[in-house]
Amino acid sequence: MSLSQEPALSVLKNELVCGYRDISKESYAGFSGKHDPDGNAVATTNGAGPHNLQTFLLASDGTVLHCLPGYWNPQDLVREIEFAGRMNDVWRNQSLSVTQKKQMGSRMQLAHVQEHPHAMVARSHMQGFDMKHEAKVRPYTSDTILNPQVAVQLVSMEKGQKAPLGTKDAFKTTDRLMHERMAARPFLPYNYFDVAAYVDYGRPKYDKNEDFRDPRTGMIADQDGAKHQEMLGQVPEKPMRRGRGMGQRMMQQGFSSMARRGVKNVLWGQN
Amino acid sequence: MVKKSLALALAIASTISMASADAKTARFLEGNVAKENIDRVNSSIRWNTSLYQALDQARREDKMVLWVQMIGQMSGST
């Protein structure tokens, strides 16, 4: 995570009370390869892996001031923490009614998009596999898509194929998406915050196969290891292959069911 | 709160020069470096695992709470 890098680390240490919880068993959680603390890491784009990680900024009464879905660059994280501080000032302003605070909070969320520097916006493009997922699953209803006609071009593309020019611009950037979604749910108590809907973009799986990359090139060097790595989170059941006999299928079902009950972290191949 | 906002603003300002890094560059961190980073986070920051306690501390210290929801453990596998 980006929390170890300055300026994020100092801000967390000095300005905030920090806490966390494991959401592995939550229905809205995604899944990814298991990474040990001494495993490799790869810097990624803002908003990547929204199902696997959410960073809330809460007022001391538990009101959600802001929520960052997925991973964020440390500078951008600090910028959003500073914004949450402004939201906190509004929430604590005793001269405003709750209705006024919510209206003001929504406006501030939308306005903050315009304050994002170009570099932050450039860091906030959705991952290609998430764009493809949105274009495939809900091209005309997704709030992530600006131009469905262009976005759907991604659906027929093979893995690893370079997207046609301009395809990326058919999608909103995650910094904009985040503030638009927050504007729709201003100042909610943490317990009422609909995390599942808020983080619902892209595919549930997020993984960069960090531990299977060559440190010199950054490229995946062990395809087989990546394919069979242990996964954490809400790992979907492996689909049944066609063409097997009834008896074999029943045995397979029984074994899979037992394995799921007994083993928390299961093996699961790549898409 | 103003003092805190100023500190945050200064923190942002101090990193503007870093912000020009190529967004497309996927920076690869080897395991030993990644572990150092994780150790730094866990030794520098006290992570509450109870939201109730975190909010109580925030009230006493007049701070906001940064509450991370993640798959895995802060000091273990993720």
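Residues numbered from 1 in each chain as written. Chains lettered and ligands numbered in written order. Predicted model: local features only at pLDDT ≥ 70, side-chain atom pairs only at ≥ 80, totals over all residues. Heavy atoms only, no water.

**Observations regarding the packing of helix H1 (residues 8–15) of chain A against helix H2 (residues 74–91) of chain A**
All names here are of chain A.
Phase 1 of the analysis: Look at H1 against H2: their axes get within 9 Å of each other, and the N-to-C directions meet at 35°. Within the contact between the two elements, H1 uses Ala8, Val11 and Leu12 and H2 uses Pro74, Leu77, Val78 and Ile81.
Phase 2 of the analysis: The residue makeup of the contact of H1 with H2, split by class, is 7 nonpolar, no polar and no charged. (Axes fitted to C-alpha atoms, helices over the stretch in contact; angles between N-to-C directions. Helix = DSSP H or I, 4+ residues; strand = E, 2+ residues; numbered from the N terminus. Contact = heavy atoms within 4.5 Å. Nonpolar A, V, L, I, M, F, W, Y, C, P; charged D, E, K, R; others polar.)

**Section: the sheet that holds strand E2 (residues 64–70) of chain B**
Phase 1 of the analysis: Taken together, 4 strands build an open sheet; the order of strands is E1(A)-E2(B)-E4(A)-E5(A) and the sheet is mixed. Either end of the sheet is taken by a strand with one partner, and the two such strands are strand E1 (16–22) and strand E5 (64–69) of chain A. The average angle at which neighbouring strand axes cross in this sheet is 20°, direction not considered.
Phase 2 of the analysis: Strands E1, strand E4 (53–58) and E5 of chain A together with E2 of chain B of the sheet are contacted by H2(A), whose axis makes an angle of about 160° with E5(A).
Phase 3 of the analysis: This element, helix H3 (residues 51–61) of chain B, spans E1 and E4 of chain A together with E2 of chain B of the sheet and lies at about 160° to E2(B). (Pairing = 2+ DSSP bridges.)

**Some thoughts on the interface of chain A and chain B**
Phase 1 of the analysis: Taken together, the contacts link 70 residues of chain A with 56 residues of chain B.
Phase 2 of the analysis: The contact between chain A and chain B buries some 5,700 Å² in all, and 63% of this surface belongs to carbon and sulfur atoms.
Phase 3 of the analysis: When the buried surface of chain A facing chain B is broken down by residue, Val17(A), Tyr20(A) and Pro37(A) rank first, second and third, together holding 16% of it.
Phase 4 of the analysis: At the surface where chain A touches chain B, the tally comes to 1 salt bridge.
Phase 5 of the analysis: Asp62(B) is the partner of Arg92(A) in a salt bridge, and the nearest nitrogen-oxygen pair spans 2.8 Å.
Phase 6 of the analysis: At the boundary of chain A and chain B, one finds 25 residue pairs in polar contact (both at pLDDT 80 or more).
Phase 7 of the analysis: Elements represented by at least two residues in the side of chain A that touches chain B include exactly H1, E1, strand E2 (31–33), strand E3 (41–42), E4, H2, helix H4 (118–122) and strand E6 (231–233) of chain A.
Phase 8 of the analysis: Top contributing element to the side of chain A that touches chain B by residue count: H2(A), with 9 residues.
Phase 9 of the analysis: Of the residues assigned to the side of chain A that touches chain B, the class counts are 33 nonpolar, 20 polar and 17 charged.
Phase 10 of the analysis: Two strands pair when backbone bridges link them, and E1(A) and E2(B) are joined in this way by 7 bridges, in the parallel orientation. For Asp22(A), the partnering residue across the bridge sits in E2(B) and is Met70(B). (Buried area = accessible area lost by both parts, 1.4 Å probe. Salt bridge = Lys/Arg side-chain N within 4 Å of Asp/Glu carboxyl O. Polar contact = N/O pair within 3.5 Å; in protein donor to acceptor, adjacent residues only side chain to side chain.)

**Some details on unusual backbone geometry**
Phase 1 of the analysis: Residue Glu6(A) is joined to Pro7(A) through a cis peptide bond whose omega torsion reads 10°.
Phase 2 of the analysis: Relative to the elements of secondary structure, Pro7(A) occurs in the segment before H1.
Phase 3 of the analysis: For Phe187(A), which is not glycine, the phi dihedral falls at a positive 50°.
Phase 4 of the analysis: Along the polypeptide, Phe187(A) turns up in the loop between helix H7 (174–183) and helix H8 (195–198).
Phase 5 of the analysis: The backbone of Asp62(B) shows a phi angle near 55°, a positive value even though the residue is not glycine.
Phase 6 of the analysis: For Asp62(B), a relative accessible area of 32% corresponds to the partly exposed category. (Buried < 20%, exposed > 50% of the residue type's maximum accessible area, 1.4 Å probe, protein only.)

**Re the nonpolar core**
Phase 1 of the analysis: Counting 57 residues, the largest nonpolar core has Leu12(A), Leu16(A), Phe56(A), Leu58(A), Ile81(A), Trp47(B) and Leu66(B) as the members making the most contacts within it.
Phase 2 of the analysis: The biggest single contributor to this core is H2(A), with 8 residues.
Phase 3 of the analysis: Setting aside residues no more than four positions away along its own chain, Phe56(A) makes contact with Val64(A), His66(A), Cys67(A), Tyr190(A), Phe193(A), Val195(A), Val65(B), Leu66(B), Trp67(B) and Gln69(B).
Phase 4 of the analysis: Core analysis: the second largest hydrophobic core is formed by 11 residues, Met126(A), Ala151(A), Met157(A) and Leu177(A) among them. (Core = buried A, V, L, I, M, F, W, Y, C linked by side-chain atoms within 4.5 Å.)

**Notes on the pairing of E2(B)**
Phase 1 of the analysis: Most of E2(B) sits inside the fold, with 7 of its 7 residues counted as buried.
Phase 2 of the analysis: Of the two faces of E2(B), both are covered, the one formed by Met64(B), Leu66(B), Val68(B) and Met70(B) as well as the one formed by Val65(B), Trp67(B) and Gln69(B).
Phase 3 of the analysis: Of the strand pairs in this sheet, E4(A) and E2(B) are connected by 6 bridges, and their pairing is antiparallel. Pairing of Phe56(A) across the sheet is with Trp67(B), part of E2(B).

**Looking at the packing of helix H3 (residues 98–115) of chain A against H7(A)**
All names here are of chain A.
Phase 1 of the analysis: Where H3 meets H7, the axes come as close as 8 Å, and the angle between the chain directions of the two elements is 170°. Relative to H7, H3 is oriented roughly antiparallel. Across the interface between the two elements, Ser106, Gln109, Leu110, His112 and Val113 from H3 touch Asp175, Arg176, His179, Glu180, Met182 and Ala183 from H7.
Phase 2 of the analysis: Broken down by class, the residue content of the contact of H3 with H7 amounts to 4 nonpolar, 4 polar and 3 charged. (Parallel < 35°, antiparallel > 145°, perpendicular 65-115°, else oblique.)

**Re the packing of aromatic side chains**
We describe a pair of aromatic rings using the distance from one ring centre to the other and the angle between the two ring planes.
Phase 1 of the analysis: Taken as a whole and assessed by the stated rule, the structure comprises 5 aromatic pairs over all chains.
Phase 2 of the analysis: Taking 6.3 Å as the distance between ring centres and 85° as the angle between the ring planes, the aromatic pair formed by Tyr20(A) and Trp47(B) counts as edge-to-face. With Tyr20(A) in strand E1 and Trp47(B) in the loop between helix H2 (31–44) and H3, the pair connects residues from two separate chains.
Phase 3 of the analysis: Taking relative accessible area as the criterion, Trp47(B) reaches 13% and is therefore assigned buried.
Phase 4 of the analysis: The structure contains a cluster of three or more aromatic residues connected by ring pairs, namely Phe56(A), Tyr190(A), Phe193(A) and Tyr198(A). (Phe/Tyr/Trp six-rings, centres within 6.5 Å; stacked < 30°, edge-to-face > 60°.)

**A few points about the pattern of salt bridges**
Residues and elements named next belong to chain A.
Phase 1 of the analysis: A complete count under the given rule lists 13 salt bridges over all chains for this structure.
Phase 2 of the analysis: With its nearest N and O atoms 2.7 Å apart, the salt bridge here joins arginine 138 to glutamate 134. Here the two residues arginine 138 and glutamate 134 agree in accessibility, since each one is buried.
Phase 3 of the analysis: Between aspartate 143 and arginine 181 there is a salt bridge whose closest N-O contact spans 2.6 Å. One end of the pair, aspartate 143, is in the loop between helix H5 (128–137) and helix H6 (148–151); the other, arginine 181, is in helix H7, with 38 residues separating them in the sequence.
Phase 4 of the analysis: You can call aspartate 143 partly exposed: its relative accessible area is 32%.
Phase 5 of the analysis: Classification of arginine 181 by relative accessible area gives buried; the value is 7%.

Take it as geometry only, folks, not as evidence of what the structure does.
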